[in-house]
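Here are the chains, one letter per residue:
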Amino acid sequence: MSNNKPSTCADFAKTWKMKLTVFVTNLVMKFCCRSDGTVNRRLVNFLDFKVPPSVKPLNGVKTYDIIVDASRNLWFRLFAPVPVPAPTDASGLPVIIFFHGGGFALMSADSLPYDTLCRRLVKELSAVVISVNYRLSPEFKYPCQYEDGFEVLTFIECNPSFEGIPRNANLMNCFIGGDSAGGNIAHHVAVKACDKEFTNLKINGVIAIQPGFFGQEKTESEIMLVRAPFLDPRLLDCFVKAFLPEGSDRDHPAANVFGPNSVDISGRKFPATIVIVGGIDPLKDRQKRYYEGLKKCGKEAYLIEYPNAFHSFYTFPEVLESSLMINEVRDFMQKQSTK
């Protein structure tokens, strides 16, 4: 067997790198996230390695940090390919407006894992990526994250030729995407965008990578996968408590988007959506219900499941399922771009 052959999630889970990563992550989370829904922000910031923007191309990608509203530290990082690749047709390069994960409380657009991930998306999807640095909970609870996301859309609409964006970036071929908590934000921003008449941008699809949805009643996967890598029940409880308004439960419409208190999107022109699910993700049942909810509302939706994939598997490029996911997302984008 060739040493260059990518390992599957099942094989990778047995490696020292995975075991060490899980151990360190769990240790950090134990000290950073408290059961009362507060976060040790000083420690979080100390451990969150930041990557500065690189106007000078680095491995074929240059980045710019664009300020949207300095008063609330709202900005985004633009990732652009260099040299700009020729698109496969005359429509130009697609644009992905991306929301990072981290339980609504951790990480940022310039955190090392997300700078690395967005650079990979640029190169492997031949796209421009706009990674939103939204406000974090618990200092800023719901709906701040959704407001920040929509404000970035408004900024792009009003400033379509902002600094750094390639001339052949096609803002009429935009996708809203995100992973984990960012997948949740992507959904709600897309819902809000349905009520806005844009002239300089068009949302053609939603890319929901292991999106973070919840509900008051625990699902089977939340009960059975209590020792799953990177996402234990205590951590989920902390994130939900930090994010939702005081006195809310998990059936709040921000958390349970097709639950008893949810907003009906049947009559809205919600974009086509691809939902990525991992079989060893405690939130997989909620993610499947999200897909089913979209279908019941008459929306175009696609479910892609990798049985052995753990939460955040896509941040490990050496894992086979990570590359398979990139291929699925590329196919989805190309399909929606030709409509």
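This one's a predicted model, so the numbers in the text were calculated from it and none came from an experiment.

**Q** When you look at the environment of Cys 297 in this model, what are you seeing that I'm missing?
**A** Here Cys 297 lies in the loop between helix H9 (284–296) and strand E8 (301–310). With a relative accessible area of 16%, Cys 297 lands in the buried category. In this structure the C-alpha to C-alpha distance between Cys 297 and Ser 266, which are 31 residues apart in sequence, comes to 4.7 Å.

**Q** Please clarify how the nonpolar core should be interpreted in this entry.
**A** In summary, soluble globular proteins display a tendency toward joint burial of nonpolar side chains. Counting residues in hydrophobic clusters, the biggest one holds 69 residues, and the most contacted among them are Phe 76, Phe 99, Ile 130, Ile 156 and Phe 162. Beyond its immediate sequence surroundings of up to four residues, Phe 99 is in contact with Val 132, Tyr 134, Gly 149, Ile 176, Gly 177, Gly 178, Asp 179, Gly 182, Ile 185, Ala 186 and Val 189. Core analysis: the second largest hydrophobic core is formed by 36 residues, Phe 98, Phe 230, Tyr 314 and Met 333 among them.

**Q** So what exactly am I meant to see when it comes to helix H5 (residues 144–158) here?
**A** Every α-helical turn comprises 3.6 residues, leaving residues that sit three or four positions apart pointing alike. Along its 15 residues, H5 runs 21 Å from first to last C-alpha, staying within 8% of the 21 Å computed at 1.5 Å per residue. Of all 15 residues in H5, 12 are buried, a share of seventy percent or more. Those residues of H5 that sit buried are Cys 144, Gln 145, Tyr 146, Asp 148, Gly 149, Phe 150, Val 152, Leu 153, Thr 154, Phe 155, Ile 156 and Glu 157.

**Q** Where do I start with the pattern of salt bridges in this structure?
**A** Pairing between side chains of opposite charge can happen when their charged atoms approach one another. For the structure on display, the rule yields 19 salt bridges. A salt bridge links Arg 77 to Asp 65, with the nearest nitrogen and oxygen atoms 2.7 Å apart. Placement of Arg 77 in strand E2 (residues 74–81) and of Asp 65 in strand E1 (residues 61–69) is noted, with a sequence separation of 12 residues between them. Under the relative-accessibility criterion, Asp 65 is labelled partly exposed at 32%. Arg 72 is paired through a salt bridge with Asp 148; the nearest N and O atoms lie 2.6 Å apart. Highlighted residues: Arg 72 in the loop between E1 and E2 and Asp 148 in helix H5, separated in sequence by 76 residues. Here Asp 148 falls in the buried class, since its relative accessible area comes to 0%.

About the cut-offs
Residues numbered from 1 in each chain as written. Predicted model: local features only at pLDDT ≥ 70, side-chain atom pairs only at ≥ 80, totals over all residues. Heavy atoms only, no water. Helix = DSSP H or I, 4+ residues; strand = E, 2+ residues; numbered from the N terminus. Buried < 20%, exposed > 50% of the residue type's maximum accessible area, 1.4 Å probe, protein only. Core = buried A, V, L, I, M, F, W, Y, C linked by side-chain atoms within 4.5 Å. Contact = heavy atoms within 4.5 Å. Expected span 1.5 Å × (residues − 1). Salt bridge = Lys/Arg side-chain N within 4 Å of Asp/Glu carboxyl O.

Purely spatial values, then, with no claim about function.
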